[in-house]
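Each chain, written out:
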Amino acid sequence: MDAIVLAGGYATRLWPITRQRPKMFLPVGDTTVIDGVLEDLETDARINDVYVSTNERFAADFEAHLETHDYHKTQLSIEDTTDEDEKFGVIGALAQLVDRENLTDDTIVIAGDNLISFDVSEFVDFFRQQATPTLAAYDVGDYDRATSYGVLELDDDGREIVAFQEKPDDPPSTLVSVACYGFRAEDLDLLETYLAGENNPDEPGWFVQWLVTRERVDAFTFDGAWFDIGTPESYLDAVAWQFDGDSAIHPDASVEETTIGPNVHIMEGARVEDATLRDCVVFPDATISGGTVERAIVGTGAELRETAVESAVIGPEMTLNETLPSQ
């Protein structure tokens, strides 16, 4: 089997933090978003080759990242885009990768920006057992939230997908598709047929919706946690889940006269003095002097002085110098 890790997005909803950094490299505890996926694939003996699908803008970042990690299966497959407006859509890019790399085996396709609580090998077990196109599914428990995803309904046995709608206005359930798929070699052959029919090339869910009307597709359902890291809020939620109330301060960070609350990650070279921090990520070389930072991301080299920050993204090298209002 092969595996494709989708990492070609530009993460505009996380700008400015991800303007010059792939969101897959955002730290979550002592690892990154994408490394959790790559490590699972590396240890599964059934996976022969892992292709990280990315764009030309971030290709050098991925090359540098892979050079510092001991991955033997992983290689880059670079799509010919440098900007969001040039993207082919996920299905379009996937079809091009299959053709470019001449893939002819069953293939796992998984998003590099998803944090999932199951081991990928469990999904591979299920995919192999069912011998059908397969996707991972998670109950988000909220109908409004479900409208942002592919929504599915299962048969009485809880495996076969009997209906699938991509981003419905009125979802019939709260069980949604997670960006983790198992496709047989013959399913990959259908990508060209799908695209030739002028179907939507954007999200994989549109292809799954099309596929469900033609053959059996099964769902691997799981409990635990799943985070689609596409917004600052979802990223901070993923960090909070990983830390579970704990916090981490890099040995080369300086923290003095500061109250550190739950789920705080302070990175190398950051300097924090006389402040209160809760549920936040402070990137390298940032400076926080006084004030309160809560539910926020503080970019590399940013400087906050006597500032109250809540539910915000402070871009790299940005300076905020506002006196806190009197209590």
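Nothing here was measured: the structure is a model prediction, and the numbers come from that model.

About the criteria used
Residues numbered from 1 in each chain as written. Predicted model: local features only at pLDDT ≥ 70, side-chain atom pairs only at ≥ 80, totals over all residues. Heavy atoms only, no water. Core = buried A, V, L, I, M, F, W, Y, C linked by side-chain atoms within 4.5 Å. Buried < 20%, exposed > 50% of the residue type's maximum accessible area, 1.4 Å probe, protein only. Helix = DSSP H or I, 4+ residues; strand = E, 2+ residues; numbered from the N terminus. Pairing = 2+ DSSP bridges. Contact = heavy atoms within 4.5 Å. Arc of directions from axis to C-beta. Salt bridge = Lys/Arg side-chain N within 4 Å of Asp/Glu carboxyl O. 1 Å grid on protein atoms, 1.4 Å probe; cavity = no way out; pocket = protein on both sides within 12 Å on 5 of 7 lines; lining within 4 Å. Points joined across faces, edges and corners; volume = space filled by probe spheres on them. Axes fitted to C-alpha atoms, helices over the stretch in contact; angles between N-to-C directions. Parallel < 35°, antiparallel > 145°, perpendicular 65-115°, else oblique. Nonpolar A, V, L, I, M, F, W, Y, C, P; charged D, E, K, R; others polar.

Draft legend 1. The arrangement of the nonpolar core in detail. Counting residues in hydrophobic clusters, the biggest one holds 38 residues, and the most contacted among them are Val5, Ile34, Leu41, Phe222 and Trp226. Looking at this core, the elements that each hand over two or more residues are strand 1 (2–6), helix 1 (33–43), strand 4 (49–55), helix 2 (59–67), strand 6 (107–111), helix 4 (120–130), strand 8 (134–139) and strand 11 (175–183). The element contributing the most residues to this core is helix 4, with five residues. Membership of the second largest hydrophobic core comes to 30 residues, among which are Leu6, Ala95, Leu97 and Leu175.

Draft legend 2. Quick peek at the pairing of strand 9 (residues 150–154). Looking at chain direction, strand 9 and strand 10 (residues 161–166) are connected through five bridges and run antiparallel. Bridging across to strand 10, Gly150 finds its partner in Glu166. In this structure, the hairpin formed by strand 9 and strand 10 is closed by a connection of six residues, where Gly158 is found at a positive phi of approximately 75°.

Draft legend 3. Region of interest: helix 6 (residues 185–196). When we look at burial in helix 6, the residues that qualify are Ala185, Asp187, Leu188, Leu191 and Tyr194. In this structure, the buried side of helix 6 is in contact with helix 3 (90–100), strand 6, strand 11 and helix 7 (204–212). Positioned one or two residues after helix 6, Glu198 has a phi angle of 60°, which is positive.

Draft legend 4. Representation of helix 4. Within helix 4 the residues assigned to the buried category are Val120, Phe123, Val124, Phe126, Phe127 and Gln130. Along the long axis of helix 4, the arc covered by the buried residues comes to 165°, so they all point the same way. For helix 4, the elements touching its buried residues are helix 1, strand 6, strand 8, strand 11 and strand 12 (218–221). One or two residues past the end of helix 4 sits Ala131, with phi positive at roughly 55°.

Draft legend 5. Fine view of the pattern of salt bridges. Evaluated as defined, the whole model comprises twelve salt bridges. Here Glu160 ties to Arg216 by a salt bridge, and the two come within 3.6 Å at their closest N and O atoms. Of this pair, Glu160 sits in the loop between strand 9 and strand 10 while Arg216 sits in the loop between helix 7 and strand 12, and the two are 56 residues apart along the sequence. Residue Arg216 is classed as partly exposed on the basis of its relative accessible area of 37%. Several salt bridges converge on common partners, so that one network encompasses Arg184, Glu186, Asp187 and Glu215.

Draft legend 6. Quick peek at the layout of surface pockets. Of the volumes computed, that of the second largest pocket is approximately 250 Å³. If you trace the second largest pocket, you find 15 residues lining it, with Gly36, Val37, Leu115, Ile116 and Gln242 closest to the centre. If you list the elements that add at least two residues to the lining of the second largest pocket, you get strand 3 (31–32), helix 1, strand 7 (114–116) and helix 8 (232–243). With four residues, the single largest contributor to the lining of the second largest pocket is helix 1.

Draft legend 7. The arrangement of the pairing of strand 21 (residues 303–314) in detail. Sheet analysis places strand 20 (residues 287–298) next to strand 21, joined by ten bridges and oriented parallel. Residue pairing across strands places Gly291 opposite Thr307, the latter belonging to strand 21. Strand direction decides the pairing type here: strand 21 and strand 22 (residues 319–321), joined by three bridges, are parallel. In the sheet register, Glu303 faces strand 22, and the bridge partner there is Thr319.

Draft legend 8. Up close: the packing of helix 6 against helix 7. Taken N-terminus to C-terminus, the directions of helix 6 and helix 7 make an angle of 100°; their axes are 11 Å apart at the nearest point. Judged on the interaxial angle alone, helix 7 and helix 6 are roughly perpendicular. For the pair formed by helix 6 and helix 7, the contact residues are Asp187, Leu190, Leu191, Thr193 and Tyr194 on the first element and Trp206, Phe207, Trp210 and Leu211 on the second. Taken together, the residues that form the contact of helix 6 with helix 7 break down as seven nonpolar, one polar and one charged.

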